[in-house]
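# Examining the three-dimensional arrangement
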Amino acid sequence: MPNADAALDHARDLIARHPLIDGHNDLPWVIRIDSDAAGDVDKARLDEARQGRDTDIPRLKAGGLAAQFWAAFIPTDVPHPARTTLEQIDLIRRMEAAHPETFRPARSAADVMRAKREGRIASFIAVEGGVGLENSLEMLRTFYDLGARYMTLCHNETLDWVDSTTDAPRHGGLAPFGEAVVREMNRLGMMVDLSHTSHDAMRRVLDVTRAPVAFTHCNAFSLCDHPRNVPDDVLARIPANGGIVMATFVPDFVSQASRDWMRPMKDDFGKTRPDVDWTTAMAARRAELGPWPRASIGEVCDHIDYMAARAGRKHVGIGSDFFGGPPVVGLEDVSRFPHLIAELVRRGWNDGDLAGLMGGNLLRVLRAVERTGRHLSRTERPAMGRLAV
């Protein structure tokens, strides 16, 4: 068994030879809400490693990223969701334009290896939150034409056509309009992301989809019972679908102890309560139970091991969900990816399986989604329709 330094050296060698892809990062929203940058990419100074930030260019390079999916995230309750989604897509494109020496705009799986050969990072756009459709199938094509290559169907709230796992269900998982959204994404060659959807919505999408799906930032429900995580019966269906589940670093989705400690600050669905005074609540919790039990890099690897055992090692990946929030110990920023791979080296993962986890499995899914889109676009017309509510 390699010692600690040998395992880390081996991880870095693997990262040099194989693409490392992170499936989800919320830096664009962090830039938007930053009091200094306020959405201005130049003012964000991504070329500097700033204290208190988990994502910037020096750390991305130190982490060995070959490709990054940036989330064009918007909260469900924004006043103009379609416009705001377009603004966030534009922000990502401005990131690419501001740093062409670092970011290669990526719109297909083939762009990942092109970027790696050039010594750049493939920059993908992902829409997080189908609220931006404003119940119009036509908006999907706009998002796709602007570069979005997956869409997370919802965020923390149930929409008019899909149930969120952190809100009251209204549709038994997925309404007929939601089925139409999935089918049109299949036709476009746009990956369907089931993170944030209810467990019943996950099951319904797996019934409906003609292409592999992704859970771009989720863990195993059996290890941590936050509703955001994937139950065993859904994990068991991923191989037949050909999809992927990508381990995430959000402490409450990683550690059962962290989730339990945080429960008074959360609602019945696991969302942060808007009425909580965090300073007072955290102090009271520390007085009652002691310090917040931080999630660890080892616990993230426990989830990876567990999901690989149920779905297969060809169906797991990494989706950090870095967002400037409280980190997992050992995974404080994007420079720490080699340490995650090193821990799996110590656990006996072989090089082929690690190359798949790092990015090969996601590339397989992307290629399959693209093939499905090319086929369906020859046999189906673009879907039209709006959901009236």
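Scroll up to find the structure this text is about.
Residues numbered from 1 in each chain as written. Predicted model: local features only at pLDDT ≥ 70, side-chain atom pairs only at ≥ 80, totals over all residues. Heavy atoms only, no water.

### So, the overall build of the protein chain
Cut-off, in case you're wondering: Only runs of H or I of at least four residues qualify as helices and only runs of E of at least two qualify as strands under DSSP, and these elements are numbered from the N terminus. What the globule rule says is 2.2 Å times the number of residues to the power 0.38, and the radius of gyration is computed from C-alpha atoms. Throughout, exposure labels follow a simple rule: accessible area from a 1.4 Å probe, protein chains only, divided by the maximum for the residue type, with under 20% read as buried, over 50% as exposed, and the rest as partly exposed. Any two residues having at least one pair of non-hydrogen atoms within 4.5 Å are treated as being in contact. Only the protein chains shown count as cover for residues, and the accessible areas themselves come from Shrake-Rupley with a 1.4 Å probe.
Scanning the protein chain for helices and strands turns up 16 helices and nine strands. Relative to its length of 389 residues, the protein chain is compact, with a C-alpha radius of gyration of 20 Å against a globular reference of 21 Å. By principal-axis analysis of the C-alpha atoms, the protein chain measures approximately 55 × 50 × 45 Å. Across the 389 residues of the protein chain, 59% fall into the buried class. Put simply, 72% of the contacts in the protein chain that link residues at least 6 apart link residues at least 24 apart. On the protein chain, roughly 15000 Å² of surface is accessible, and the fraction owed to carbon and sulfur atoms is 51%.

### Describing the packing of aromatic side chains
This is how it is decided: What counts as a ring pair is set by centres within 6.5 Å for rings of Phe, Tyr and Trp (its six-membered ring), and what kind of pair is set by the plane angle: stacked under 30 degrees, edge-to-face over 60, tilted for all other angles. Only Lys NZ and Arg CZ are tested; either one counts as a charge over a ring when it is within 6 Å of the ring centre and within 35 degrees of the ring normal.
Applying the stated criterion across every chain, the model contains eight aromatic pairs. Taken together, a centroid distance of 5.3 Å and an interplanar angle of 80 degrees make the contact between Trp29 and Phe73 edge-to-face. Taken as a pair, Trp29 in helix 2 (residues 27-33) and Phe73 in strand 2 (residues 67-73) lie far apart in primary sequence, 44 residues in all. The exposure class of Phe73 is buried, given its relative accessible area of 10%. With a centroid separation of 5.9 Å and an interplanar angle of 85 degrees, the aromatic rings of Trp70 and Phe103 are classed as edge-to-face. You can see Trp70 sitting in strand 2 and its partner Phe103 sitting in strand 3 (residues 103-105), a full 33 residues away along the chain. Here Trp70 matches Phe103 in class, with each residue buried. Put simply, the rings of Phe69, Phe124 and Tyr150 touch in pairs and so form one group of aromatic residues. Sitting over the face of the ring of Tyr144, Arg149 holds its NZ or CZ atom 3.8 Å from the ring centroid. Across the ring face of Trp349, the terminal group of Arg313 is positioned such that the distance to the ring centre comes to 4.0 Å.

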